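So the chains spell out like this:
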Amino acid sequence: MAARCRLAARFHHIHGTNIRLDASHTQATRVESFANGLCFSQEPLAPGQIFLVEIEEKELGWCGHLRVGLTAHDPQSLEVVPEYSLPDLVNMGDTWVFAITRSHNRVVLEGEEAQTRGRPWEPFLLIARVRIPRDTLVGRSRPGRYSHILDDLYKMNVLPATARRSRIGVLYAPQPDGTADMHIVINGEDMGPSARGLPTTRPLYAVIDVFASTKSVRVIPVDYGFPSLQTLCRLVIQKHIVHRLAIDGLDLPPLLKSFCQHE
């Protein structure tokens with residue numbers, strides 16, 4: 001699964017007409033207008049695999065935000081990439097898309113009680129049988145005087161979901177009846193099943209619609225199982241500093257400093 005995850009943690013070369021990808025296909029920027037910003041994962045997702053993006057840039061003057069979801073359509077099979085994920089791509093069938101709002105993103109189905117928020121210090125997020133390291137899922141502020149305070153707010157998921165540096169992911173969790181539930185994860189918190197009855201017999205690609213006030217996003221790779229040595233080093237370093245500005249004064253390789261400050 002690890003090799004497949006690395007491949008899927010990029011954007012597909014098929015995308016909306018207003019999208020520009022960077023050389024690594026991990027950053028997608030809408031260069032004009034507010035629409036034609038559809039992106040897809042490079043590969044279909046594996047069961048329980050999260051496709052995670054971070055909001056890098058916002059654009060004032062538009063109404064609406066990022067939209068995420070899943071589709072059973074192979075992007076290469078599309079004659080034309082639709083202008084919008086909602087309603088255009090959804091109306092093609094076999095597509096499930098959720099519009100992210102500033103605050104009302106939790107799904108509570110009829111007859112079910114609202115789930116209590118998982119404590120932000122729990123190391124793993126559990127969705128059905130899916131177990132994902134929480135550390136990578138949580139947004140991180142840019143290094144600054146108050147970054148340690150902002151980081152705690154991201155961990156508690158009290159900032160608007162549409163804020164810059166928020167991390168939003170989508171995955172599907174297989175169910176006993178052979179179908180799957182689609183889950184949206186915002187800054188390490190599961191929003192509940194936003195769609196049910198998805199087919200697990202067909203490949204499912206992540207859908208990221210860089211819409212309206214969301215101008216640019218980048219893919220965040222997620223380590224499954226044991227964290228990488230790089231991640232472990234970051235956690236140890238961050239444990240012994242007050243805030244990330246202090247990392248500049250440490251005798252560390254530049255790449256490790258950057259990783260500790262920005263990831």
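Residues numbered from 1 in each chain as written. Predicted model: local features only at pLDDT ≥ 70, side-chain atom pairs only at ≥ 80, totals over all residues. Heavy atoms only, no water.

Caption draft 1: Structural context of the environment of His-73. Within the secondary structure layout, His-73 lies in the loop between strand 5 (67–71) and helix 2 (85–91). Between the alpha carbons of His-73 and Asp-94 there is a distance of 7.2 Å; along the sequence they are 21 residues apart. What His-73 contacts, discounting residues up to four positions off in sequence, is Leu-78, Met-92, Gly-93, Asp-94, Thr-95 and Tyr-205. (Helix = DSSP H or I, 4+ residues; strand = E, 2+ residues; numbered from the N terminus. Contact = heavy atoms within 4.5 Å.)

Caption draft 2: A look at the sheet that holds strand 10 (residues 179–186). Overall, antiparallel pairing links the 7 strands, which are arranged 1-2-13-4-9-10-11 in an open sheet. Pairing within the sheet leaves two strands with one partner each, and these edge strands are strand 1 (19–21) and strand 11 (189–199). Strand-to-strand twist of the sheet, defined as the mean angle between neighbouring strand axes without regard to direction, takes the value 25 degrees. Pairing analysis gives 6 bridges linking strand 10 to strand 11, with the strands arranged antiparallel. Note that in strand 11 the partner of Val-185 across the bridge is Asp-190. (Pairing = 2+ DSSP bridges. Axes fitted to C-alpha atoms, helices over the stretch in contact; angles between N-to-C directions.)

Caption draft 3: Main features of helix 5 (residues 229–239). The complete set of buried residues in helix 5 reads Thr-231, Arg-234, Ile-237 and Gln-238. Within helix 5, the buried residues cover an arc of 130 degrees as seen down the axis, which keeps them to one side. Projecting away from the buried face of helix 5 at angles above 90 degrees are the exposed residues Leu-229, Val-236 and Lys-239. (Buried < 20%, exposed > 50% of the residue type's maximum accessible area, 1.4 Å probe, protein only. Arc of directions from axis to C-beta.)

Caption draft 4: Molecular detail of the sheet that holds strand 5. Ordered in space as 3-12-5-6, the 4 strands form an open sheet in which the pairing is antiparallel. With one partner strand each, in any of the chains shown, strand 3 (38–40) and strand 6 (95–99) form the two edges of the open sheet. Recorded for the sheet is a direction-independent mean angle of 20 degrees between the axes of neighbouring strands. Bridging between strand 3 and strand 12 (residues 205–209) involves 3 bridges; their strand directions are antiparallel.

Caption draft 5: Broad picture of the side chain of Asp-190. Here Asp-190 is to be found in strand 11. Of the polar contacts made by the side chain of Asp-190, one reaches the side chain of His-183; its length is 3.0 Å. (Polar contact = N/O pair within 3.5 Å; in protein donor to acceptor, adjacent residues only side chain to side chain.)

Caption draft 6: Summary view of the nonpolar core. Residues Phe-11, Phe-51, Ile-184 and Ile-208 are the most contacted members of the largest nonpolar core, which totals 33 residues. Those elements giving two or more residues to this core turn out to be strand 4 (51–58), strand 5, strand 6, strand 9 (167–174), strand 10, strand 11, strand 12 and strand 13 (214–219). The biggest single contributor to this core is strand 10, with 4 residues. For Ile-208, the contacting residues outside a window of four places in its chain are Phe-11, Gly-37, Leu-38, Cys-39, Phe-51, Val-53, Leu-66, Arg-67, Val-68 and Val-217. Counting residues in each nonpolar core, the second largest holds 12 residues, with Leu-52, Leu-125, Ile-127 and Ile-132 among its members. (Core = buried A, V, L, I, M, F, W, Y, C linked by side-chain atoms within 4.5 Å.)

Caption draft 7: Spatial organisation of the side chain of Thr-162. Mapped onto the elements of the fold, Thr-162 is located in the loop between helix 4 (147–156) and strand 9. A relative accessible area of 3% means that Thr-162 is categorised as buried. Ignoring sequence-local partners within four residues, the contact set of Thr-162 consists of Ile-55, Lys-58, His-65, Ile-100, Thr-101 and Arg-102.

Caption draft 8: Inspection of a nonpolar patch on the surface at higher detail. Nonpolar side chains collect at one region of the surface, where Leu-229, Leu-232 and Leu-235 lie side by side and expose about 280 Å² of accessible area between them. Here Leu-229 is to be found in helix 5. (Patch = residues over 30% accessible without salt bridge, like charges linked within 9 Å, V, L, I, M, F, W, Y side chains within 5 Å. Areas by Shrake-Rupley, 256 points an atom, 1.4 Å probe, with all protein chains shown as cover. Salt bridge = Lys/Arg side-chain N within 4 Å of Asp/Glu carboxyl O.)

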